[in-house]
Amino acid sequence: MKRILILIMLVVASASVSAQLFKKKNSNKVVEAQYQAGAVPVINGKVTFEEFIPAEGMSTAEIEEKVNGWIARRFTKPTVISSKRYECEQPHTAIVKSEEYIVFRNTFFVLNRTRIYYYLTITAEEGGCRFNMSRITYWYDDEDENGGIHMKAENWLPDEVAFDKKGKLKKFEGKFRRKTIDLKEKLIKELTDELSSNR
């Protein structure tokens, strides 16, 4: 009798683990969709992420004030390594250059990361702002005695270089594509939250 009970428990446990693995596998497919073909726009030969972030009921001046406040808080140490704000002749437009880390893996034994450099241009207008992330470059393995690798986003992120012949993301290029898209999405979410707060 005990053997039968043990056998039933093993079967139930095995089924539970299989269900969890199946669920995890399917959830990964859903997440992976945001990195697939078409996720990295190339405009005039340059990787450029553009998006309009709505802020209904707000004036251009109110949006510009919130954008400036977010930039002042977001682009400071320790969040970034360094940043620089540029003057812009275009009205209601903020331009900032950022240098920060994106981390691929961080364990007790391994820290795998790269420096990413990018320009962020945000233009406030009635009812929202235009988000533009461009001129993206990387300095990978910056602590290497040979100086590491300096590379432009155009060499790793676009569809034609990031996927293999079977349509799967390459391991090396894929990790840069994923983490860059993640950073872009994080910036958009932060700015969206800023514009919707205390409206």
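The rules behind each value
- Residues numbered from 1 in each chain as written.
- Predicted model: local features only at pLDDT ≥ 70, side-chain atom pairs only at ≥ 80, totals over all residues.
- Heavy atoms only, no water.
- Phe/Tyr/Trp six-rings, centres within 6.5 Å; stacked < 30°, edge-to-face > 60°.
- Buried < 20%, exposed > 50% of the residue type's maximum accessible area, 1.4 Å probe, protein only.
- Lys NZ or Arg CZ within 6 Å of the ring centre and 35° of its normal.
- Helix = DSSP H or I, 4+ residues; strand = E, 2+ residues; numbered from the N terminus.
- Contact = heavy atoms within 4.5 Å.
- Pairing = 2+ DSSP bridges.
- pLDDT = per-residue confidence, 0-100.
- Axes fitted to C-alpha atoms, helices over the stretch in contact; angles between N-to-C directions.
- Parallel < 35°, antiparallel > 145°, perpendicular 65-115°, else oblique.
- Left-handed = near helix turned anticlockwise from the far one by under 90°.
- Nonpolar A, V, L, I, M, F, W, Y, C, P; charged D, E, K, R; others polar.
- Salt bridge = Lys/Arg side-chain N within 4 Å of Asp/Glu carboxyl O.

### Observations concerning the packing of aromatic side chains
Then comes step 1: Within the structure shown, the criterion is met by 12 aromatic pairs.
Then comes step 2: For the ring pair W70 and F75, a centre distance of 5.6 Å and an interplane angle of 85° mean the geometry is edge-to-face.
Then comes step 3: For the pair F108 and F109, a centre-to-centre distance of 5.1 Å together with 90° between the ring planes defines the contact as edge-to-face. An identical accessibility class is assigned to F108 and F109; each is exposed.
Then comes step 4: Chaining the aromatic ring pairs together yields one cluster made of F104, Y138, Y140, W156, F172 and F176.
Then comes step 5: Above the face of the F75 ring, R74 is positioned so that its terminal group lies 5.0 Å from the ring centre.
Then comes step 6: Lying over the aromatic face of Y101, R113 brings its terminal NZ or CZ to 3.7 Å of the ring centre.

### Observations regarding the side chain of T48
Then comes step 1: Along the polypeptide, T48 turns up in the loop between β2 (46-47) and β3 (49-54).
Then comes step 2: The contacts of T48, once residues within four sequence positions are left out, are P41, I43, N132, M133 and S134.

### Let's talk about the pairing of strand β4 (residues 82-86)
Then comes step 1: Judged from the 5 bridges that link them, β4 and strand β5 (residues 93-106) form a sheet pairing that is antiparallel. Its bridge partner lying in β5, Y86 is registered against I95.
Then comes step 2: Connecting β4 to the antiparallel partner β5 that follows it, the hairpin turn spans 6 residues, and H92 within it adopts a positive phi of roughly 60°.

### Brief notes about the confidence of the model for the protein
Parts of the model with low pLDDT should not have their predicted coordinates read in detail.
Then comes step 1: Here the protein shows a mean pLDDT of 87. Residues at 70 or above account for 83%.
Then comes step 2: Here residues 9-31 is modelled with pLDDT under 50, and outside its nearest four sequence neighbours on either side it reaches 0 contacts, counting other chains as well.

### As for the packing of helix α2 (residues 60-74) against helix α4 (residues 171-196)
Then comes step 1: The N-to-C vectors of α2 and α4 enclose an angle of 130°; their axes lie 9 Å apart at closest approach. By the angle between their directions, the pair α2 and α4 is classed as oblique. Along this stretch, α2 crosses α4, giving a crossing that reads as right-handed. Between α2 and α4, the residues in contact are I63, K66, V67, W70, R73 and R74 and L183, L187, E190, L191, E194 and L195, respectively.
Then comes step 2: Within the contact of α2 with α4, the residues separate by chemical class into 7 nonpolar, no polar and 5 charged.

### Considering the pattern of salt bridges
Then comes step 1: Enumeration over the complete set of coordinates arrives at 8 salt bridges.
Then comes step 2: Measuring nitrogen to oxygen at the nearest pair gives 2.8 Å for the salt bridge that ties D193 to K189. Placement of both D193 and K189 in helix α4 is noted, with a separation of 4 residues, approximately one turn of the helix.
Then comes step 3: Relative accessible area serves as the criterion here: at 52%, K189 is assigned to the exposed category.
Then comes step 4: One network of salt bridges, in which partners are shared, links R74, E100 and E190.

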